[in-house]
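Single-letter residue listing:
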Amino acid sequence: MKKWVVPENSNKRVQRASRTIGKGTGTPEDIREARDVLSNYRLAHAFPLNAVTVTVRQRALEVNPNAVVAERRKRLPTILDKLKRHPTMSVTTMQDLGGGCRVVFDTVAEIDQLVSVLRDLPRSKNRVKKVYDYLRDDPGPRNSGYRGVHLVYEYGASKKEYHGLRIELQVRTQLQHAWATAVETMDLFSGSELKYGKGDADVLRFFVLVGSLMAFEEGTTPVPGARCPVARGRGRSWRPSWRVWRRTSAFWSGYGATRRSWASTPRRTAGTP
């Protein structure tokens, strides 16, 4: 039987550890202690994450039997890096701290159906506390071009030691997931930080425009600062330079192959260890 990690520190101690890492202050021993505190807090989210994923998987497959449902756990180095970039942030407010759950559907209508079901589950002890709609207007697409719907859960079921811990659910279509995966892949191979709005201005602009093209195809709100060439007939502003196209075309060629494979291959739910 799996042994789940439980929280060993108060929220105040976790917040102090976040500040220690974020500001880079303290002795080497302080830094080590802070890392240990944050590591425990991260690992303690595994049980709530599993509980939320079980419910989400069941409901998602009722909407579309071919939906892809996956757990994902944020690595400790990623958390530490985020704290260093945002020194005033605490991991207690980091919604996807221990990772999260993700669902990939075919259509926006399926996203809406699942979100509606999850928000109104009458007997669920794990409650949806907040919905971030990055497709429409609450808050709308991010300036980077990112689109999707996020739900923030707060665990409140049988294990009281986990009460109050939060888990994030991301719900996307295939198009939205392809965009996000392409950005992460670009960051991985180029060493850029497009995900955080840092990198070559032309490449950043390219992803903004592609995100808005995808929004037009799906009938949702365009990305801020991007115009729709199909609606307004202004295709010129959407043509990336040859340099940018050469750097990104491999990803979109791969995306096309993925779409064709997706259409012809049975899909399964998935989980990450």
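About the cut-offs
Residues numbered from 1 in each chain as written. Predicted model: local features only at pLDDT ≥ 70, side-chain atom pairs only at ≥ 80, totals over all residues. Heavy atoms only, no water. 1 Å grid on protein atoms, 1.4 Å probe; cavity = no way out; pocket = protein on both sides within 12 Å on 5 of 7 lines; lining within 4 Å. Points joined across faces, edges and corners; volume = space filled by probe spheres on them. Nonpolar A, V, L, I, M, F, W, Y, C, P; charged D, E, K, R; others polar. Helix = DSSP H or I, 4+ residues; strand = E, 2+ residues; numbered from the N terminus. Polar contact = N/O pair within 3.5 Å; in protein donor to acceptor, adjacent residues only side chain to side chain. Contact = heavy atoms within 4.5 Å. Buried < 20%, exposed > 50% of the residue type's maximum accessible area, 1.4 Å probe, protein only. Pairing = 2+ DSSP bridges. Expected span 1.5 Å × (residues − 1). Core = buried A, V, L, I, M, F, W, Y, C linked by side-chain atoms within 4.5 Å.

Asks: Would you mind showing me how to read empty space enclosed by the protein here?
Replies: Gaps between atoms show up when a probe of the same size as a water molecule is rolled over them. In total, this model carries one cavity of 30 Å³ or more according to the counting rule given. In this structure, the largest cavity spans a volume of roughly 30 Å³. Broken down by class, the residue content of the lining of the largest cavity amounts to four nonpolar, two polar and two charged.

Asks: What exactly am I supposed to notice about the side chain of H150 here?
Replies: Looking at the element boundaries, H150 is found in strand β4 (residues 149-154). In terms of polar contacts, H150 uses its side chain to reach the side chain of E168, at 3.3 Å. Ignoring anything within four residues of it in the chain, the contact list for H150 reads K130, V131, Y132, Y134, R142, E168, L169 and Q170.

Asks: Would you mind going over the pairing of strand β2 (residues 100-105) with me for this structure?
Replies: Successive residues of a regular strand alternate their side chains across the two faces of the sheet. Among the six residues that make up β2, six are buried, leaving the element largely enclosed by the rest of the structure. As paired strands, strand β1 (residues 68-72) and β2 are joined by five bridges and run antiparallel to one another. Across the sheet, the residue bridging to V69 is V103, located in β2. By the bridge criterion, six bridges tie β2 to strand β5 (residues 166-173) in an arrangement that is parallel.

Asks: What's the story with helix α2 (residues 28-43) in this structure? I'm lost.
Replies: An α-helical turn contains 3.6 residues, so any two residues separated by three or four positions project in the same direction. Between its first and last C-alpha, α2 extends 23 Å over 16 residues, near the 22 Å set by a 1.5 Å rise per residue. Turning to α2, its buried residues are A34, V37, L38, N40, Y41 and R42.

Asks: Is there a simple way to explain the nonpolar core in this structure?
Replies: A general tendency of soluble globular proteins is for nonpolar side chains to be buried together. Ranked by internal contacts, the top residues of the largest apolar core, which has 24 residues, are V103, F105, L151 and L169. Every element with two or more residues in this core is listed here: α3 (46-63), β2, α5 (108-119), β4 and β5. Other than its neighbours up to four places away in sequence, F105 contacts A60, V63, N64, A67, E110, I111, L114, V171, R172, T173 and Q174. Counting 19 residues, the second-largest nonpolar core is a separate cluster that includes I21, A34, Y155 and Y162.

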